[in-house]
Amino acid sequence: MHITRLNIQRVRNLKTVALHELQPFNVFYGQNGSGKTSVLEAIHLLATGRSFRTHMPKHYIQNATTDALVFAQSATEKIGMQKLLSGEQLIKVNGDLVATQGQLAKILPLQLIDPLSTDIIDHGAKPRRQLLDWLMFHVEPDFYHAWQYYSRALKQRNSLLKMQRNLSLKDLEPWNKMLSEYGEILHSQRVEIVEQWKVYLAEDLALLLPNLSIEMEYSAGFHVEQGLAQDLVQYHQKDVERRYTEYGPHRADLRLKTPTGDADVVLSRGQKKLLIMALKLSQIAMLHACNKETVVLLDDVTAELDLTAQQRLIARLSQLGSQVFLTTLDQDSVKKHLHDLSISYQLFNVDNGQVQRVAP
């Protein structure tokens, strides 16, 4: 969905924000601490059920209040969320209460592009695996079902390993069977999607890093040749000693390599940022090819990108049909990019938690 109307209440210093007639590009400018990023945080909260800045609701729910509300409307959908201090949430789609965050995520595919962050490359396998699974969720219809069953089996198996020290293979047999069955399904789904993703990634790497050769390799998290079921048997004693499940799709990774070494070691900070953008843009392109348009959050877009990279990024997002919400300290540069590219946009000034529409 493309958001035409957005209401935010009690998110950090945003007491009450009501935005109407939102455009393909929506630019929020103001001084540091004014509340610009909190607007993006609220949209992220609505789409994913969590903040990208903190895991603690008390840190983004306004002081001396007990909840935060975010509501968005498109031409066809109305979605809303109430987040409580306890972490509980109430979700509505077109006026009806729904049970899971996944239903909102399907309606509102969301990508956060943070030019300041290199976490996906520098902070181990987990953020790369999460990036892959975001794509899986939106383009592979059977992924979420398999992932739920696999996660349930993994949680139960790990719980048993933590509680009991002398578990036999027979004790774990029901969970091993379920884990291997759904683990193999997840693996085969991921292999297929990664191969498709590589085609789109090559296009965006050529745009953003034309002088670098970078390959993406999928690592399954278990020994594919012998299968997950055999790994669970063969490494049973090690799992018992370590008290967690060592092998499976929950340990999968995407390895990013250059001819001279791994990307996390070889690339400069600036190159890493552009690589992360290429990864996310290529995912957006895959969704676009499936007739699914993505809402994109761009935080502090002018902070560390040069003017050429800024314009290439904005042009590509427009080409992919994305609706973009971006923050900046330098609104003049962003306005020039949008004007030069003939992109419709709306400008908002943010000052001390107040968001005011400004004529472009």
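Definitions and limits used
- Residues numbered from 1 in each chain as written.
- Predicted model: local features only at pLDDT ≥ 70, side-chain atom pairs only at ≥ 80, totals over all residues.
- Heavy atoms only, no water.
- Pairing = 2+ DSSP bridges.
- Helix = DSSP H or I, 4+ residues; strand = E, 2+ residues; numbered from the N terminus.
- Axes fitted to C-alpha atoms, helices over the stretch in contact; angles between N-to-C directions.
- Contact = heavy atoms within 4.5 Å.
- Buried < 20%, exposed > 50% of the residue type's maximum accessible area, 1.4 Å probe, protein only.
- Phe/Tyr/Trp six-rings, centres within 6.5 Å; stacked < 30°, edge-to-face > 60°.

1. Observations regarding the sheet that holds strand β4 (residues 67–73)
Here comes step 1: Within the open sheet, the 6 strands sit side by side as β2-β1-β4-β5-β6-β7. Their pairing is antiparallel. Only two strands of the sheet have a single neighbouring strand rather than two, namely β2 (14–19) and β7 (96–98). Recorded for the sheet is a direction-independent mean angle of 15 degrees between the axes of neighbouring strands.
Here comes step 2: As paired elements, strand β1 (residues 5–11) and β2 share 5 bridges and run antiparallel to each other. Bridging across to β2, Gln9 finds its partner in Thr16.
Here comes step 3: Each of β1, β2, β4 and β5 (78–84) is contacted by helix α1 (residues 36–48), which is oriented at about 100 degrees to β1, the strand it contacts most.

2. Regarding the pairing of strand β3 (residues 25–29)
Here comes step 1: Where burial is concerned, most of β3 is hidden: 5 out of the 5 residues are buried.
Here comes step 2: Of the two faces of β3, the one lined by Phe25, Val27 and Tyr29 and the one lined by Asn26 and Phe28 are each fully buried.
Here comes step 3: Taken together, the 5 bridges between β3 and strand β13 (residues 323–328) define a ladder with parallel strand orientation. Bridge pairing in β13 links Asn26 to Phe325.

3. Focus on the packing of aromatic side chains
Here comes step 1: Within the structure shown, the criterion is met by 6 aromatic pairs.
Here comes step 2: Aromatic side chains Phe28 and Phe325 sit 6.4 Å apart centroid to centroid with 20 degrees between the ring planes, which places their arrangement in the stacked category. Separated by 297 residues along the polypeptide, Phe28 in strand β3 and Phe325 in strand β13 bring together distant segments of the chain.
Here comes step 3: Judged by relative accessible area, Phe28 falls into the buried class, the value being 0%.
Here comes step 4: With a centroid separation of 5.4 Å and 85 degrees between ring planes, the pair formed by Phe137 and Tyr144 is classed as edge-to-face.
Here comes step 5: Judged by its relative accessible area of 11%, Phe137 falls in the buried class.

4. Description of the sheet that holds strand β10 (residues 253–258)
Here comes step 1: The 3 strands are arranged β9-β10-β11 in an open sheet whose pairing can be described as antiparallel. Edge strands, defined here as strands with exactly one partner in the open sheet, are β9 (215–219) and β11 (261–262).
Here comes step 2: Across 5 bridges, β9 lies against β10 in antiparallel orientation. The residue of β10 that forms the bridge with Tyr218 is Leu254.
Here comes step 3: Sitting on the sheet, helix α7 (residues 169–208) touches β9 and β10, and the angle it makes with β9 is about 175 degrees.

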